[in-house]
Amino acid sequence: MAHSKERFASFLRKELGIFLSRHFPHDPDVFLSVVSASPDESSERVKIYISVFPENRSREIWKELKFYQKDAKKYLAERIKRRKVPQIIFLPAQTENVARLEKLLEKVKNE
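Criteria and cut-off values
- Residues numbered from 1 in each chain as written.
- Predicted model: local features only at pLDDT ≥ 70, side-chain atom pairs only at ≥ 80, totals over all residues.
- Heavy atoms only, no water.
- Core = buried A, V, L, I, M, F, W, Y, C linked by side-chain atoms within 4.5 Å.
- Buried < 20%, exposed > 50% of the residue type's maximum accessible area, 1.4 Å probe, protein only.
- Helix = DSSP H or I, 4+ residues; strand = E, 2+ residues; numbered from the N terminus.
- Contact = heavy atoms within 4.5 Å.
- Pairing = 2+ DSSP bridges.
- Axes fitted to C-alpha atoms, helices over the stretch in contact; angles between N-to-C directions.

> Explain the nonpolar core to me, using residue names and the numbers behind them.
In this structure, L20, F24, I48, I50, L65, I88 and F90 are the most contacted members of the largest nonpolar core, which totals 25 residues. When residues of this core are assigned to their parent elements, the largest contribution, 6 residues, is made by helix α1 (residues 3-23). Setting aside anything within four residues of it in sequence, one finds I88 in contact with L16, V46, I48, Q69, A72, K73 and L76.

> Residue-level account of the environment of F67, with values.
One can find F67 in the loop between α2 (58-65) and α3 (69-79). A relative accessible area of 68% places F67 in the exposed class.

> Describe the sheet that holds strand β2 (residues 45-53), naming the residues involved and giving the relevant values.
Backbone-to-backbone hydrogen bonds join strands into a sheet, with any given pair of strands oriented parallel or antiparallel. Overall, mixed pairing links the 3 strands, which are arranged β1-β2-β3 in an open sheet. Pairing within the sheet leaves two strands with one partner each, and these edge strands are β1 (31-39) and β3 (87-92). When strand polarity is set aside, the average angle formed by the axes of neighbouring strands in this sheet is 30°. When β1 meets β2, the two strands line up antiparallel, connected through 8 bridges. For S36, the partnering residue across the bridge sits in β2 and is Y49. Across the face of the sheet, α1 comes into contact with β1, β2 and β3 while running at roughly 155° to β1.

In structure tokens:
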């Protein structure tokens, strides 16, 4: 990734973390973390990988989080110094998938 894309990804990670902490209404016992931002080659779309803790609440949080993608784009439009604001796509971070697999493997071993 070029230096400017790395800086842009870092900026997105920081700003969307701020957006989620301020604007996403959720239980104070739930922790959202922006793990990474991955812009495509043209920077028209950005995949934002988010982890949710505790995992047992992640399904309900993801249902709500999908509705905030447009709001996140509007928030970025105020902060960004680019002509085009990318489309935001929230995705679960890979760490959640790994943790689920570990739990399933543990269950299989114990049975």
